[in-house]
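Spelled out, the chains give:
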Amino acid sequence: MSAPKKPNLDSVTTINEDGSRYFLHPADAKGPWMLARRMAGVILIAIYILLPWIPINGNPAVFLDVENRMFHLFGLTLVPQDLWVMFFAISGLGFGLFFITSLLGRVWCGWACPYTVFLDHVYRRIERWIEGDAPARRALDAAPWSAGKFCKRAAKHLLYVAIAALIAHVFLSYFVSLRRLYGFMHEGPLQHATSFGIVVFLTLVLWFCFGYFREQFCIIMCPYGRLQSALTDDDTINVGYDATRGEPRGAKGRAEGDCIDCRRCVQVCPTGIDIRNGLQLECIGCTACIDACDEIMMRIDRPKGLIRYDSFNGFAGIKRRFLRPRIYAYCALAALGLGALTLVASKKARPFNAIVSRVGGAGFYSDAFSVRNIYKVRFMNKRNQTATVTIRLGGETPPGYQLSGAEQTFTVNALDEMSRTCVVVAPAGSYTGVSDIVLEVHANPGDVILKKTVRFLGPNPQSLNTPNP
Ligand code: SF4
Ligand code: SF4
């Protein structure tokens with residue numbers, strides 16, 4: 001078994017000189033940072049699995065209802081006409097990520113990216129559990145095929161596939177809901193070939209990525225890593241090595257620096273780099289090297305933090321600046337996008353909506369006895385249950401005005417809409433001229449009242465031939 005490869009700045013550790021893949025077997029790192037990351041990972045995985053189970057307004061908390069072309073997001077329902085809202089959502093979240101990156105480097109990659117979360121906290125744990133620690137895994141790799149090796153590899157990949165299938169099923173439930181997914185599974189793949197094909201494809205992609213491709217995705221494919229150098233500066237907080245304190249490196253007592261060149265930080269790195277060579281594109285900010293080095297520092301009775309979160313300026317002993325022009329700019333742009341999104345969402349989060357418009361043609365109809373205006377009420381039921389709707393005239397309407405046909409009550413199916421024509425009549429004795437009237441739309445369940453103020457048009461009251469009492 002050959003010794004682990006020594007990283008350098010001229011090549012990618014995971015690619016051999018002949019272009020073949022060099023498989024990494026990162027050692028286990030234990031410490032407060034790894035514990036905090038693991039807890040964050042468990043919480044994020046729980047959120048991913050639980051979101052489709054949590055109902056809000058009769059729909060899953062996050063539900064991209066492809067069939068009905070609706071997007072339910074924590075009680076907010078968006079239809080295709082609301083696509084413009086996505087502009088605020090995407091720009092707000094995008095600038096939010098820029099803001100976090102300029103402030104804290106690749107904290108997203110190390111702590112919250114779904115790829116890292118599943119790879120580090122699920123797939124690498126399974127591998128560790130079945131094949132042992134890093135030296136044992138390296139030895140198994142180098143060993144010839146035997147019954148033992150076959151069984152370990154088969155068990156590992158079976159579990160990999162099972163978990164990939166689970167992730168793929170949860171992913172599909174975000175688009176079809178859990179209830180329908182359960183129905184699909186009962187009715188069989190032939191009845192739902194497209195959905196089945198998506199799940200199979202996703203399962204295979206996830207198995208390939210987590211079982212084989214691994215850190216290559218972050219190093220070669222992820223565009224976010226490439227953006228890093230454009231978003232960060234000398235004041236950005238990153239995982240780094242304090243060369244001033246660590247160098248010259250060497251065995252304890254034989255060099256002046258604190259780094260004893262034990263290479264523990266290299267052994268635990270999941271992307272195979274040596275952080276002592278400086279910040280590199282491959283670093284995903286996973287903090288494994290911080291915990292690994294702190295453990296060594298404690299053993300040799302030196303202060304922790306030779307590898308730590310700090311900025312270039314911090315490591316160089318220059319005054320740190322957290323707040324800088326780019327931070328203000330990204331923060332303002334993110335706040336603008338997310339603020340606009342919140343404002344729009346607060347208006348759209350209602351379970352029902354109603355639009356009142358005037359029916360085309362003449363603005364009003366009148367004769368000697370009355371003036372009439374005709375309106376169309378379009379009611380949208382965003383809930384997952386039938387709504388009973390009643391249209392009434394609001395108290396703010398001038399006295400004596402009537403809604404022809406009295407109160408109109410009708411039912412609107414779940415996630416459906418319906419239009420009704422309403423004729424508002426002002427008897428000649430009550431009519432005082434053009435004014436505002438209020439149409440109230442009462443919707444059950446919940447007795448939600450939507451008030452719509454509309455203009456009531458008519459002729460000059462003097463021109464009406466008011467009949468004598
Ligand atoms: S773990 Fe710390 S002491 Fe060991 S090589 Fe890395 S930086 Fe040096
Ligand atoms: S250098 Fe450290 S923080 Fe960066 S990926 Fe390697 S172990 Fe993680």
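Caption draft 1: Inspection of the site of ligand 1 at higher detail. The immediate surroundings of ligand 1 are formed by 13 residues, with Cys259, Cys262, Arg263, Cys265 and Cys293 found nearest. Contributing elements (two or more residues each) for the shell around ligand 1: α12 (264–267) and α13 (288–299). Looking at side-chain class alone, the shell around ligand 1 contains nine nonpolar, no polar and four charged residues.

Caption draft 2: Layout of the pattern of salt bridges. Using the criterion set out here, one finds 28 salt bridges in the structure. Glu67 serves as the salt-bridge partner of Arg180, at 3.0 Å between the closest nitrogen and oxygen. Residue Arg180 is found in helix α7 (residues 178–187), and its partner Glu67 is found in the loop between β3 (62–65) and β4 (70–73); the two are separated by 113 residues along the sequence. We classify Glu67 as exposed; its relative accessible area is 56%.

Caption draft 3: Layout of the pairing of β3. Inspection of the sheet shows β3 paired to β4 by four bridges, in the antiparallel sense. Each residue of the ladder has a partner; that of Asp65, found in β4, is Met70. In this antiparallel pair of consecutive strands, β3 and β4, the connection spans four residues, and Arg69 shows a positive phi of 50°.

Caption draft 4: Representation of the environment of Met70 in the model. Counting through the fold element by element, Met70 comes out in strand β4. Between the C-alpha atom of Met70 and that of Pro398, which follows or precedes it by 328 residues, the distance is 39 Å. Contact partners of Met70, with chain neighbours within four places excluded, come to Phe63, Leu64, Asp65, Thr77, Leu78, Val79 and Leu415.

Caption draft 5: Summary view of the side chain of Asn313. With respect to the helices and strands, the residue Asn313 is situated in helix α14 (residues 312–315). Given the relative accessible area of 14%, Asn313 is considered buried. Discounting residues that sit within four places of it in the chain, Asn313 has contacts with Asp234, Asp235, Ile318 and Lys319.

Caption draft 6: Local environment of helix α6 (residues 147–176). The first and last C-alpha atoms of α6 sit 43 Å apart over 30 residues, in line with the 44 Å expected at 1.5 Å per residue. Of the residues trailing α6, Ser177 is marked for its positive phi of about 75°.

Caption draft 7: Representation of a nonpolar patch on the surface within the structure. Together, Ile49, Leu50, Trp53 and Ile54 make up an exposed nonpolar region whose accessible area comes to about 410 Å². Structurally, Ile49 can be placed in helix α1 (residues 32–50).

Caption draft 8: Molecular detail of the packing of aromatic side chains. For the structure shown, the criterion picks out 19 aromatic pairs. Within the aromatic cluster, the residues linked to one another by ring pairs are Tyr48, Tyr115, Phe118, Tyr123, Tyr160, Tyr174, Phe210 and Phe217. Directly above the aromatic system of Tyr212 lies the positively charged group of Arg21, at a separation of 5.1 Å from the ring centroid.

Caption draft 9: Fine view of helix α5 (residues 134–142). Residues of α5 that are buried: Ala134, Arg137 and Leu140. One face of α5 carries all of its buried residues, which in axial projection span an arc of 125°. In this structure, the buried side of α5 is in contact with α4 (114–131) and α6.

Caption draft 10: Quick peek at the sheet that holds β4. Spatial ordering of the open sheet is given by β3-β4-β5, a layout of three strands whose pairing is antiparallel. Where the open sheet ends on each side, the last strands, each with one partner, are β3 and β5 (76–78). The sheet shows a mean angle of 10° between the axes of neighbouring strands, taken without regard to direction.

Caption draft 11: Unusual backbone geometry, seen in detail. Residue Pro248 is bonded to the preceding Glu247 through a cis peptide linkage, with omega at -10°. By secondary structure assignment, the location of Pro248 is in the loop between α11 (243–246) and α12. Here the phi dihedral of Asp261 falls at roughly 55°; this positive angle occurs in a residue that is not glycine. Backbone geometry places Thr287, a non-glycine residue, at a positive phi of 70°. Summarising the element assignment, Thr287 is placed in the loop between α12 and α13. When its relative accessible area of 0% is taken as the criterion, Thr287 is described as buried.

Caption draft 12: A look at the pairing of β4. Note that β4 and β5 share three bridges and pair antiparallel. When the sheet's bridge partners are listed, Leu73 is paired in β5 with Leu76. The hairpin formed by β4 and β5 contains two residues between the paired strands, and Phe74 there has a positive phi angle of roughly 50°.

Caption draft 13: Representation of the packing of α4 against helix α8 (residues 193–213) within the structure. Running from N to C, α4 and α8 cross one another at 65°; their axes reach a closest spacing of 11 Å. The element α4 and its partner α8 pack so that their crossing is right-handed. Residue-level contacts link Tyr115, Phe118, Leu119 and Tyr123 of α4 to Cys209, Phe210 and Phe213 of α8. Per-class residue counts for the contact of α4 with α8 are seven nonpolar, no polar and no charged.

Cut-off values and rules
- Residues numbered from 1 in each chain as written.
- Chains lettered and ligands numbered in written order.
- Predicted model: local features only at pLDDT ≥ 70, side-chain atom pairs only at ≥ 80, totals over all residues.
- Heavy atoms only, no water.
- Near = heavy atom within 4 Å.
- Helix = DSSP H or I, 4+ residues; strand = E, 2+ residues; numbered from the N terminus.
- Nonpolar A, V, L, I, M, F, W, Y, C, P; charged D, E, K, R; others polar.
- Salt bridge = Lys/Arg side-chain N within 4 Å of Asp/Glu carboxyl O.
- Buried < 20%, exposed > 50% of the residue type's maximum accessible area, 1.4 Å probe, protein only.
- Pairing = 2+ DSSP bridges.
- Contact = heavy atoms within 4.5 Å.
- Expected span 1.5 Å × (residues − 1).
- Patch = residues over 30% accessible without salt bridge, like charges linked within 9 Å, V, L, I, M, F, W, Y side chains within 5 Å.
- Areas by Shrake-Rupley, 256 points an atom, 1.4 Å probe, with all protein chains shown as cover.
- Phe/Tyr/Trp six-rings, centres within 6.5 Å; stacked < 30°, edge-to-face > 60°.
- Lys NZ or Arg CZ within 6 Å of the ring centre and 35° of its normal.
- Arc of directions from axis to C-beta.
- Axes fitted to C-alpha atoms, helices over the stretch in contact; angles between N-to-C directions.
- Left-handed = near helix turned anticlockwise from the far one by under 90°.

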